[in-house]
Amino acid sequence: MDIIPIKYVHDSLLVLDQTRLPNEVVWFSISTRDELYEAIKSLRVRGAPAIGVAAALGIAICAREYAEEEFTSFYEHFCEDKAYINSSRPTAVNLSWALERMAACVRKCKDLPVSEIKKVLLAEATAVRQEDEDGCRMLGEHGLTLLRPGMGILTHCNAGALATARYGTALSPLYIGHEQGYDFKVYADETRPLLQGARLTAFELSEAGIDVTLICDNMASLVMKQGRIDAVLVGCDRMAANGDGANKIGTSALAILAKEYDIPFYMFVPTSTIDLATPDGSGIEIELRPGSEITDLWYEKPMAPAGIKTYNPAFDVTEAKHITAVVTEQGIARPPYTESLKIMIDKANAK
Ligand code: MRU
């Protein structure tokens, strides 16, 4: 199965609702800023690159309906929507990256009639989607050079096709390797509390015919110790200039365990996810989500005492020192990341 979760067809933005998977495959359309905000906040569309792609296409579609005919008021309206949409989730930098790229596109067109700017915005958003798809394919090609046939792979959350325009980041080399008969044995952490590993990673890998085994998050240490894991592959929501990378809560524990068991830990990071303006991981805002996701969400009855205190951070930061290599669409960055990530960004900007 080839999953393309965000589509712009017949002038509409169509998104696969990830909250309904794996039981139902439901598509919905987004045509207003409130629909876009809700879809991102509620994780109908999720995964850093997919959020960026949806935001770019979504704001272009909103702007198409603006009544303003004069540049200054059109741009003010655009900036209001941009700020609102950007407030939907704080950690994945692809959201602000994509919205800022769209704003820069408006500014560049300031001498064109507003009707033309609207067309240019749609073309730019379509390019954001296509570049993400092409970049993910390159991430997969580079990532595959780190792997060998038959390897045991551990992954966390969902960094697959569902989280991107196509192919995924950390799962992209698994798809490409599978095409070439690599026969990986993949272990997917269920990823408490929102179960992206169970609902999404296990779904998309098994649909593709890849050997995938679902485990609970607290089993990772055991499967590593038993020698079942040869490499850990994960995605990233925001990587700071020094190589500290925020990803789904639980990722940093895997990196620390991988070091103990001498297993390489690879983070897959498109250059759109690298935030050179943030010097290190301490500057990355961690999203806090409702405690009911821990106590009630998947249960028929509440599974904790009523009124219990909860703490539900959605991401953690893996320190650069625990990351063996960072795979980008421009190539593989190795420590010291302060230098190698800059080289990757320069390569991306040169194209
Ligand atoms: O809360 P989510 O599901 O949006 O979190 C997603 C992740 O943590 C992914 O690993 C990350 O976005 C990289 S996806 C290619």
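Rules and cut-offs
Residues numbered from 1 in each chain as written. Predicted model: local features only at pLDDT ≥ 70, side-chain atom pairs only at ≥ 80, totals over all residues. Heavy atoms only, no water. Helix = DSSP H or I, 4+ residues; strand = E, 2+ residues; numbered from the N terminus. Contact = heavy atoms within 4.5 Å. Areas by Shrake-Rupley, 256 points an atom, 1.4 Å probe, with all protein chains shown as cover. Lys, Arg positive; Asp, Glu negative; His and termini not counted. Charge placed at Lys NZ, Arg CZ, Asp CG, Glu CD. Near = heavy atom within 4 Å. Polar contact = N/O pair within 3.5 Å; in protein donor to acceptor, adjacent residues only side chain to side chain. 1 Å grid on protein atoms, 1.4 Å probe; cavity = no way out; pocket = protein on both sides within 12 Å on 5 of 7 lines; lining within 4 Å. Sits in = over half its atoms within 2 Å of the grid points. Phe/Tyr/Trp six-rings, centres within 6.5 Å; stacked < 30°, edge-to-face > 60°. Lys NZ or Arg CZ within 6 Å of the ring centre and 35° of its normal. Domains from an automatic or database assignment. Buried area = accessible area lost by both parts, 1.4 Å probe. Salt bridge = Lys/Arg side-chain N within 4 Å of Asp/Glu carboxyl O. Pairing = 2+ DSSP bridges. Axes fitted to C-alpha atoms, helices over the stretch in contact; angles between N-to-C directions. Buried < 20%, exposed > 50% of the residue type's maximum accessible area, 1.4 Å probe, protein only.

**Examining the overall build of the chain**
A tally of helices and strands in the chain yields 11 helices and 14 strands. Here the C-alpha coordinates of the chain stretch approximately 65 × 50 × 40 Å along the principal axes. Residue pairs at least 24 apart in sequence account for 75% of intrachain contacts in the chain once pairs closer than 6 positions are excluded. With the model as given, the accessible surface of the chain reaches about 14900 Å², and the carbon-plus-sulfur share is 53%. Charged side chains in the chain number 35 positive and 48 negative. The centres of these two groups are separated by 2 Å.

**Considerations on the site of the ligand**
Looking at the ligand, there are 18 residues lining it, with Arg46, Ala48, Arg89, Asn247 and Lys248 nearest. Note that an oxygen atom of the ligand is positioned 2.8 Å from one of the backbone N or O atoms of alanine 48. Within the side chain of asparagine 247, an N or O atom sits 2.7 Å from an oxygen atom of the ligand. The fraction of the free accessible surface of the ligand (410 Å²) that becomes covered by protein chains is 100%. The pocket occupied by the ligand, as judged from atoms lying within 2 Å of grid points, is the largest cavity. Going through the elements one at a time, α2 (48-64) and β9 (245-248) are the ones with two or more residues in the shell around the ligand.

**Some words on the packing of aromatic side chains**
Inspection of the entire model under this criterion finds 4 aromatic pairs. Sitting over the ring of tyrosine 84, arginine 33 keeps its end group 4.0 Å from the ring centre.

**Quick word on the domain arrangement of the chain**
Along its sequence, the chain is organised into domain 1 (6-134) and domain 2 (138-350). Computed from C-alpha atoms alone, the centre-to-centre distance between domain 1 and domain 2 is 25 Å. Opposite the 24 residues of domain 1 that make contact, domain 2 presents 31 residues. Taking both sides of the interface into account, the surface hidden between domain 1 and domain 2 amounts to around 2300 Å²; carbon and sulfur atoms contribute 53%. Counting across the domain 1 and domain 2 interface gives 2 salt bridges. One salt bridge connects glutamate 287 with arginine 89, and the closest N-O pair in it is separated by 2.8 Å. Applying the counting rule to domain 1 against domain 2 returns 16 residue pairs in polar contact (both at pLDDT 80 or more).

**Some details on the sheet that holds strand β6 (residues 211-215)**
The mixed open sheet is built from 7 strands, whose spatial order is β6-β5-β4-β7-β10-β13-β14. Looking along the sheet, the strands with just one partner apiece sit at the ends: β6 and β14 (331-333). Within the sheet, the average angular offset between the axes of one strand and its neighbour, ignoring direction, is 25°. Alignment of strand β4 (residues 152-155) against strand β5 (residues 185-189), held across 4 bridges, turns out to be parallel. In the strand pairing of β5, glycine 152 is matched with lysine 185. Against the sheet, helix α11 (residues 337-349) contacts β13 (325-328) and β14, and its axis sits at roughly 160° relative to β14.

**Structural notes on the pattern of salt bridges**
Using the criterion set out here, one finds 22 salt bridges in the structure. For aspartate 17, the salt bridge goes to arginine 44, with nearest N and O atoms at 2.9 Å. Of the two residues, aspartate 17 sits in the loop between β2 (12-16) and β3 (27-30) while arginine 44 sits in the loop between α1 (33-41) and α2, which places them 27 residues apart along the sequence. On the accessibility criterion, aspartate 17 (3% relative accessible area) is buried. What makes arginine 44 partly exposed here is its relative accessible area of 23%. Aspartate 81 serves as the salt-bridge partner of arginine 33, at 3.0 Å between the closest nitrogen and oxygen. In this pair, arginine 33 is assigned in helix α1 and aspartate 81 in helix α3 (residues 71-86), connecting sequence segments 48 residues apart.

**Overview of the environment of alanine 333**
Residue placement: alanine 333 occurs in strand β14. With residues near it in sequence (within four places) discarded, alanine 333 still touches Ala325, Val326, Ser340, Leu341 and Met344.

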